[in-house]
Amino acid sequence: MSCKLTMSLISESQQGNCGDDWKYDVEAKIFHEGLKGEVAFRVPKHTLDAGAVEEPYGAPEPVTVDIGECNKDVLVRMRLTATEVDLFKNDVGHSQVDVKVPFPGPGSDSVVKDVDISAGVRESPGIMNKNSVFTVRVRFMLSCE
């Protein structure tokens, strides 16, 4: 049974008082009996107000990776790098999460799984007590034929 994994960015948000100029990268490595592919979304600088939940800036296109013969769950190792853009020194936060996308089984519909990945960002210098949490919602769809 040949399978494909489609990854798309669904939403972005930030909570906190760090600022409202952001850029971010979401990178993923897809594993199923070895490394099957790597995906990277690079979202350029844009304005995102605290508390707002929006469609990702620039509406990045979904990416599909051919998994090949599939008979078990697929592992995706995601990394988020969120950057609050400043005039002199950008403030950066990182986060990594492993996600298992369940195998749908023969004759079953596609499996859709939404996952949030968040990174904390602290304004430099640290004495200013400005912090934000940047969150991206990612959708995985595993379909098999």
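Our structure's up above, just so we're on the same page.
Quick notes on the rules
Residues numbered from 1 in each chain as written. Predicted model: local features only at pLDDT ≥ 70, side-chain atom pairs only at ≥ 80, totals over all residues. Heavy atoms only, no water. Core = buried A, V, L, I, M, F, W, Y, C linked by side-chain atoms within 4.5 Å. Buried < 20%, exposed > 50% of the residue type's maximum accessible area, 1.4 Å probe, protein only. Helix = DSSP H or I, 4+ residues; strand = E, 2+ residues; numbered from the N terminus. Contact = heavy atoms within 4.5 Å. Disulfide = S-S within 2.5 Å. Salt bridge = Lys/Arg side-chain N within 4 Å of Asp/Glu carboxyl O. Pairing = 2+ DSSP bridges. Axes fitted to C-alpha atoms, helices over the stretch in contact; angles between N-to-C directions.

Draft legend 1. Spatial organisation of the nonpolar core. Counting 35 residues, the largest nonpolar core has V26, M78 and F140 as the members making the most contacts within it. Of all the secondary structure elements, the ones that give two or more residues to this core are strand 1 (2–16), strand 2 (21–31), strand 3 (35–47), strand 5 (63–69), strand 6 (74–84), strand 7 (91–101), strand 8 (111–122) and strand 9 (131–144). Counting residues per element, this core draws most heavily on strand 9, at six residues. Setting aside residues up to four positions removed in sequence, M78 forms contacts with M7, V26, E27, A28, S95, Q96, V97, V99, V115, I117, V138 and F140.

Draft legend 2. Just the state of the cysteines, in detail. Here the structure, examined in full by the defined rule, presents one disulfide. Covalent S-S linkage joins C3 and C144, the inter-sulfur distance amounting to 2.0 Å. A torsion of 105 degrees about the S-S bond marks the disulfide between C3 and C144 as right-handed. Placement of C3 in strand 1 and of C144 in strand 9 is noted, with a sequence separation of 141 residues between them. According to the relative accessible area criterion, C3 is buried, its value standing at 0%. Accessibility expressed as a relative area gives 19% for C144, which makes it buried.

Draft legend 3. Region of the structure containing the environment of G34. With respect to the helices, strands and loops of the structure, G34 is situated in the loop between strand 2 and strand 3. When its relative accessible area of 35% is taken as the criterion, G34 is described as partly exposed. For G34 and L75, which are 41 residues apart along the polypeptide, the C-alpha to C-alpha distance reads 9.8 Å.

Draft legend 4. How the structure looks around the pattern of salt bridges. Under the definition given, this model contains five salt bridges. Of the charged contacts, one joins D98 and R77 as a salt bridge, the two residues approaching to 2.8 Å between their closest N and O atoms. With D98 in strand 7 and R77 in strand 6, this residue pair connects regions lying 21 residues apart in the sequence. A single salt-bridge network, built from bridges that share partners, covers D25, E27 and R42.

Draft legend 5. Just the sheet that holds strand 6, in detail. Pairing in this open sheet of four strands is antiparallel, and the strands run 3-2-6-7 from one edge to the other. Each end of this open sheet is capped by a strand with a single partner; those strands are strand 3 and strand 7. Neighbour-to-neighbour, the strand axes of the sheet open up by a mean angle of 10 degrees, direction not taken into account. Alignment of strand 2 against strand 6, held across ten bridges, turns out to be antiparallel. Its bridge partner lying in strand 6, K23 is registered against T83.

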